[in-house]
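Given next are the chains, with one letter for each unit.
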Amino acid sequence: MSSPRTSDARRLRADRARQVADVIRRQVLGRAYPDGVLPDELFLAAEFSVSRNTVRAALDLLREEGLIERSPGVGTVVVSEKYPHGLDRLMGLAETLREHGGITNDVRAAGPVRAPTAVARRLGVADGAEVVYIERLRRLDGLPLSLDQTYLPMDIGAPLLADDLPGRDIFGLIEQHTGQSLGSASVELEAVNADLHSAAVLEVPRGAALMVLERLTRLADGRPVDLEFIRMRGDRLTMSAELHRGRGERRAPLPPARRPAQAGQRPLSLSDPAPPARRPGRRAAHPCPKGPPVALVNHRADVPVTIDESLCITGCRLCVDMCPLDSLAIDPETGKAHMHVDECWYCGPCAARCPTGAVEINMPYLLR
Ligand code: SF4
Ligand code: SF4
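Here the residue index of a chain counts from 1 through its sequence in written order. As a convention, the first chain written is A and the first ligand written is 1, with the rest following in written order. Only residues with pLDDT of 70 or above have their local features reported here, since the model is predicted, and side-chain atom pairs are shown and tallied only from 80 upward, although totals for entire chains, interfaces and linings are computed over all residues.

## Some details on the overall build of the protein chain
Phase 1 of the analysis: Strands are runs of DSSP state E lasting at least 2 residues, helices are runs of H or I lasting at least 4, and numbering of each runs from the N terminus. When helices and strands are tallied, the protein chain shows ten helices and 14 strands.
Phase 2 of the analysis: Across the 368 residues in the protein chain, those meeting the buried criterion constitute 27%.
Phase 3 of the analysis: Sequence-distant contacts, at least 24 apart, represent 61% of the contacts inside the protein chain between residues at least 6 apart. Neighbour counting defines burial: a residue surrounded by 20 or more other C-beta atoms within 10 Å of its own C-beta is buried, one with 12 or fewer is exposed, and intermediate counts give partly exposed, using backbone-placed C-beta atoms. We call two residues in contact when their backbone-placed C-beta atoms lie within 7 Å.

## Observations concerning the site of ligand 2
Phase 1 of the analysis: Think of it this way: take the backbone, place a C-beta atom on it, and check whether that atom is within 6 Å of the molecule or strand, in which case the residue is near it. Taken together, the neighbourhood of ligand 2 is formed by 15 residues, with C323, C344, W345, C347 and C350 sitting nearest.
Phase 2 of the analysis: Only Asp, Glu, Lys and Arg are considered charged in this grouping, and only Ala, Val, Leu, Ile, Met, Phe, Trp, Tyr, Cys and Pro are considered nonpolar; every other residue, Gly among them, is considered polar. Here the shell around ligand 2 is composed, by residue class, of 13 nonpolar, two polar and no charged.

## Considering unusual backbone geometry
Phase 1 of the analysis: For S49, which is not a glycine, the phi torsion comes out positive at approximately 55°.
Phase 2 of the analysis: Looking at the element boundaries, S49 is found in the loop between α2 (41–48) and α3 (52–64).
Phase 3 of the analysis: In this model, Y346 sits at a positive phi of 55°, which is unusual for a non-glycine residue.
Phase 4 of the analysis: Summarising the element assignment, Y346 is placed in the loop between β13 (337–339) and α10 (349–353).
Phase 5 of the analysis: Overall, Y346 belongs to the partly exposed group, with 17 C-beta atoms counted inside 10 Å.

## As for the sheet that holds strand β9 (residues 224–233)
Phase 1 of the analysis: One bridge is not enough; two strands pair if DSSP finds at least two bridges between them. Taking strand neighbours across the sheet as the criterion, the six strands line up as β4-β5-β6-β9-β8-β7 in an open arrangement whose pairing is antiparallel. A single partner strand is all that each edge strand has here, and the edge strands are β4 (103–114) and β7 (182–193). This sheet shows a mean twist of 15° between the axes of neighbouring strands, independent of strand direction.
Phase 2 of the analysis: Note: strand β6 (residues 143–153) against β9, six bridges, orientation antiparallel. Looking at the pairing, S146 lines up with M232 of β9. Think of each axis as a best-fit line through the C-alpha atoms, taken over the contacting stretch in the case of a helix, with angles from 0 to 180 degrees between the N-to-C directions.

Listed below in structure tokens is the structure:
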């Protein structure tokens, strides 16, 4: 059987052009050409070991993206800038882009609304409860970057309505008004084409690429306080992250004795017992040579936390999002929550937040 060869001259020029364009795009975004002028075609052809025609095709791709322009006598110049938005740190847009310019916000809507059921459940408030809705168009030095729709529980959002919504990140306002730090967030990112209205607001052509970020942010004690749907211009922002392989390299969450109590939960004291040692014989060896072994326990009944599937609401994931150990997961086949990893602090927010009482914590006798 013949294997694919990267040097095969029969590879389509379009394939090679895309390969070259992806590397040059990264160079442009990383400001590798400080004077904003790209090397000439002959240099690039030698650099990538391709023909001049392939280089031209690659540069055409980047010109169509609006990243560069080409003029006779001038050469190929960078004409637009993209700004990096980290996905590995919990920061607001103004904090993230501080070194690139000033963020201002057009506040398009701000006030109480009845929470849609899906929003209420993710924020852990009662179905039909009022929440604060804030919609802002965010600009960097006047240029529209993103359209943010934010839902906040009423006690968190109401004080923000009288504050500096045009000038500040909501993250900073939440921390200021609650006196607590934000702790973690669940993030989902997908690409969409701009609909007519979003395109007009963000000043891009209809159908332009947008990134939609859904972010549920929690206080340090695990309470969800900020659900956002952020439409970002794909031609202005680039998402970046530094990722590490292996469970053992994750930052360890605080032990339960140091974690603030959840609402309605007995505060933990120093005299509380340490997190229980894992019961012998429950753990399956994990192949990862670096991290500690992890016991995957899909659908066993004798686990620390059991979930009544008949009560679990498909589409809900509150208990999963609340667990500091990532011990719970949604079964992709049934859409129901279950204990996925045999790790538990018996700390309680999974059960406390479940709107249907589906979660049962099987507390060991010695901890009761
Ligand atoms: S067990 Fe409760 S909190 Fe967890 S996903 Fe099901 S309904 Fe939601
Ligand atoms: S009690 Fe619930 S939230 Fe706490 S560690 Fe166990 S599964 Fe996670």
